[in-house]
Amino acid sequence: MKYTPSDIEKKWQKFWDEHRSFEPSESYDRPKKYVLSMFPYPSGRIHMGHVRNYAIGDAIARYWRKRAHNVLHPIGWDSFGMPAENAAIKHRLHPKSWTYENIDYMRKELAALGLSFSKEREFATSDPEYTRWEQRFLIEMYEKGILYRESTTVNWCESCHTVLANEQVEEGRCWRCDNPVVLKEMPGYYLDIVRYADELLEDLKKLEGKWPSQVLAMQKNWIGRSEGLAFSFRLSDESIEKLGGAFDGFEVFTTRPDTIYGVTYTALAPEHPIVKRLIEKGLLDSETAERIQAIANMSEVERAKQEKEGYPLGLEVIHPLTGEKIPVWTANFVLASYGSGAVMAVPAHDERDYEFATRYGLPIKRVIEGGELPYTEPGTLVESGPFSGMKSEEAKRAIIEYMEKEGLGRGRVNYRLRNWGISRQRYWGAPIPFIHCPSCGLVPEKVENLPVTLPDDVEITGEGNPLESHPTWKRCTCPKCGGEATRETDTMDTFVQSSWYFLRYTTPRKYWDEAPFRKEDSDYWMPVDQYIGGIEHAILHLLYARFFTKVLRDLGYVSIDEPFERLLTQGMVLKDGAKMSKSKGNVVDPDALIERYGADTARLFILFAAPPTQELEWSDSGVEGAFRFLRRLHDRAAKVESCDTLPVIDHGSLAKEEKEARKKVYEALKKGEEVYGERFTFNTLIAACMEAINALDKQENPVVWQEGMWILLNLLEPIVPHIAWELSDRLFERNNFGLIETKEEVFAVDAVPMGVSINGKPRAQIEVAPDASKEEILEIARAAVPKWIEGKTVVKEIVVPGKLVNLVVK
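I will try to describe carefully the structure that is included in this document. Note that the coordinates shown come from a computational prediction; the quantities given were computed from them, not determined experimentally.

## With respect to the state of the cysteines
Piece 1. This model, assessed by the stated rule, comprises zero disulfides.
Piece 2. We note that Cys174 lacks a disulfide partner, and the nearest cysteine sulfur, in Cys177, lies 3.8 Å from it.

Following this line, the structure appears as structure tokens:
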């Protein structure tokens, strides 16, 4: 019978659909496994990265089903976002129709791969019922003070006409369109993620050994916790007068209070209110003002690449401990988003401050003994008043204690992490459920009026926000006073949707009208046991999802602290050494691959070509090889007689080749337990199965073939499910799809191979019984090398058990 993958695959995909084969049980009396691959954006077509991501997750899910676990393995669509609006402009389509047409097409593509997703729990994040609960979460967060609205300097992408979070700015450019990002002041909504910074940092310890260390390090660095001293520099009387009494000083934060006596200048961010005041009042010359404004318009990443640049502001502050007057500058390395947007500068003990001071001829004062300047290590304090002679760590504590006692400052923890700006000025996103009332101010929409949905009658031009220009949509009544009011036209950052989608899956669809998810369901299924996705999500998505989970816990929705127990970050799929892209002309179309070779070949190749965490180089010959192996597997089924139980074999009565075949089969079984349960190096398991088939081919015992195929089809089912179901159904009525115990008897060794050397030169190979004595080994060795010892005297006999015999002769 010829191997025809298209017939086999369609047959079993239909069977799985009709029998609801992959729907999780609503009875929670079995152990569970929640296996989740990051859901896709419905761009229109799947790519080989999708195939790899979902083949990995599917293999893990199928393995645990065979081990009698209740498995939740869902799929959905991260369906809001800018690409839909771009497509609407390009193709003159509505974003909604473009999105849902893409979902329909991609759903068929994923189905063709035979992925064992729960179809009944599928949803798109643009579904109004999903938006309803998300808007409710935001209202509850607002009531708890976790969500707030304020006007701040934000990253603005002129091309996308929207605000970007710091995490979405990559090398000064928009993460989506790659156009330059500028800084702009505007009102927006923020989630207070910094409130959870310590817990987000501390709970990374719970994930050690379960998440890649690289991801944990990236999150730790992004949160960026630092301890130090916060204090204020008071402006001199002349400077206060110059500023018209609008300011009397500014606050700074330092992690090195031990160097406070070495401050020789201070620096403000170009966006600092004091700098703005000087520019607005014409207190700086026009050239300087223009240059400062240009720096202010640069993104933080762009500034980091620039040479140190700054300008004196004609102001002075008073050192809180020495009373000295210190000049105030503005500098491009000071960021408004970090701390107060002001720094104390100690050029003798900070590389950045030193570089700036030497460029502009500012004073440099050593206050820590040590090597060449800038000396940035801890040491003994000098020229530091009553703290001179102290070691740095002691001095840090003493200076903080003194300044707190004198009311001059306080010890404080700072974070690199900034609060999460979720406002986006675009149409295709979830509306933020707030109303602006002239009388009542900012008012949440009534819960019973949710969801606030998008109007369909919009025209997407790429200019501005269509919700802002819509003639009627934003007009509404205030939920509080009933007066005329205006609906918020900002929509949510799409990372809000992906921060809780994994919780929605836990509850059966029939309950989705009642709750975002039921607590009894999330208590059973959460956390996700295995999460799979690209390392590019290490900071953005994974940090936000962790934060959202903790907030929902505090709001009473869930009981867990962390959403994802284990994380696997798969490598990219490359062709010709580069990431696949249309512009490079190196894209492999999954649809065409499946049509030619079948889904099982695609899945086998993608899991065999490289370990999942490494980059995978595409190989057409590798695909051909995967297809040949499956055809061979299919052909070998003809050698196997059908049975409904695992055959019982008397191992001791078997021939050598038969024993070797059984050994290889059970080695593959052991490898399967290690790979599916822990390491996910599917390539090593596939190689072990290939070796087992080779060993089976070298013997003709039909019962050994029966046992071998029983086990190998079980092992391969998670990787190549269609052919495994076809052959297992034909041969074993699928009774082999269960837990199979390893038989240790097959690993018993009948004979141990040993080399025989004469005067150190290899001369023969022998086999001895595992329990042979030294005398028995020597007797067999001598008999194997008669011509090398005949007529000679054996003066020394060396036996290394299990390895070699060396006879020294004269």
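Once the structure has been displayed, the description carries forward.
## Here's the deal with the nonpolar core
A general feature of soluble globular proteins is that nonpolar side chains tend to end up buried together.
Piece 1. Counting 93 residues, the largest nonpolar core has Met48, Ile606, Leu607, Trp618, Phe682 and Met709 as the members making the most contacts within it.
Piece 2. If we ignore the near neighbours within four places in the chain, the residues touching Phe682 are Ile56, Ala59, Ile60, Leu607, Pro612, Val675 and Tyr676.
Piece 3. Ala84, Ile460, Phe548 and Phe564 belong to the second largest nonpolar core, which has 82 residues in total.

## Things to note about unusual backbone geometry
Piece 1. For the peptide bond that leads from Leu373 to Pro374, omega is -5°, which places it in the cis range.
Piece 2. The topology assignment puts Pro374 in the loop between α12 (351-360) and α13 (392-405).
Piece 3. For the bond running from Met526 to Pro527, omega is 0°, close enough to zero to count as cis.
Piece 4. Within the secondary structure, Pro527 sits in the loop between α16 (519-525) and β22 (530-534).
Piece 5. A positive phi angle, near 55°, is found at Asp576, a position not held by glycine.
Piece 6. Here Asp576 shows up in the loop between β24 (573-575) and β25 (578-579).
Piece 7. In this structure, Phe680 takes a positive phi of about 65° despite not being glycine.
Piece 8. Inspection of the secondary structure assignment puts Phe680 in the loop between α21 (656-679) and α22 (682-697).

## Description of the packing of aromatic side chains
Piece 1. Following the criterion strictly, the structure yields 51 aromatic pairs and no others.
Piece 2. Note on Phe356 and Tyr360: the rings are 4.8 Å apart at their centroids and 50° apart in plane angle, and the pair reads as tilted. You can see Phe356 and its partner Tyr360 sitting in helix α12, four residues apart, about one turn around the helix.
Piece 3. On the basis of relative accessible area, Phe356 is assigned to the buried category, the value being 0%.

## Here's the deal with the side chain of Lys33
Piece 1. Here Lys33 shows up in strand β1 (residues 32-37).
Piece 2. The charged side chain of Lys33 is buried without a salt bridge, its nearest counter-charge being Asp529 at 4.4 Å.
Piece 3. The residues contacting Lys33, other than those within four sequence positions of it, are Trp64, His69, Asn70, Val71, Leu72, Trp525 and Asp529.

## Some words on the sheet that holds strand β19 (residues 475-477)
Piece 1. Spatial strand order, β18-β17-β20-β19: four strands in an open sheet with antiparallel pairing. The open sheet has two free edges, formed respectively by β18 (441-444) and β19, since each of these has just one partner strand. Going from strand to strand, the sheet's axes swing by 40° on average, the running direction of each strand aside.
Piece 2. For strand β17 (residues 434-437) and β18, the ladder comprises four bridges, and the chain directions are antiparallel. Paired with Phe434 across the two strands is Pro444, which belongs to β18.

## So, helix α24 (residues 721-732)
Piece 1. Burial within α24 is extensive, with 10 of its 12 residues counted as buried.
Piece 2. Looking only at α24, the buried set comprises Pro721, His722, Ile723, Ala724, Trp725, Glu726, Leu727, Ser728, Leu731 and Phe732.
Piece 3. Here the buried face of α24 lies against α1 (5-18), α2 (48-66), α19 (599-608), α20 (620-636) and α23 (702-716).
Piece 4. Following α24 by one or two positions, Glu733 adopts a phi angle in the positive range, close to 55°.

## Some details on the sheet that holds strand β2 (residues 70-72)
Piece 1. As summarised here, the arrangement of the four strands in space is β2-β1-β22-β23, forming an open sheet in which the pairing is parallel. Bordering the open sheet on either side are β2 and β23 (567-570), each of which pairs with just one other strand. On average, each strand axis in the sheet is inclined to that of its neighbour by 20°, with strand direction left out of account.
Piece 2. In this structure, β1 lies alongside β22, joined through three bridges in parallel fashion. Bridging from a neighbouring strand, Val35 pairs with Gln530 of β22.
Piece 3. Its contacts with the sheet place α2 against β1, β2, β22 and β23, and it is angled at close to 175° to β1.

Cut-offs applied
Residues numbered from 1 in each chain as written. Predicted model: local features only at pLDDT ≥ 70, side-chain atom pairs only at ≥ 80, totals over all residues. Heavy atoms only, no water. Disulfide = S-S within 2.5 Å. Core = buried A, V, L, I, M, F, W, Y, C linked by side-chain atoms within 4.5 Å. Buried < 20%, exposed > 50% of the residue type's maximum accessible area, 1.4 Å probe, protein only. Contact = heavy atoms within 4.5 Å. Helix = DSSP H or I, 4+ residues; strand = E, 2+ residues; numbered from the N terminus. Phe/Tyr/Trp six-rings, centres within 6.5 Å; stacked < 30°, edge-to-face > 60°. Lys, Arg positive; Asp, Glu negative; His and termini not counted. Salt bridge = Lys/Arg side-chain N within 4 Å of Asp/Glu carboxyl O. Pairing = 2+ DSSP bridges. Axes fitted to C-alpha atoms, helices over the stretch in contact; angles between N-to-C directions.

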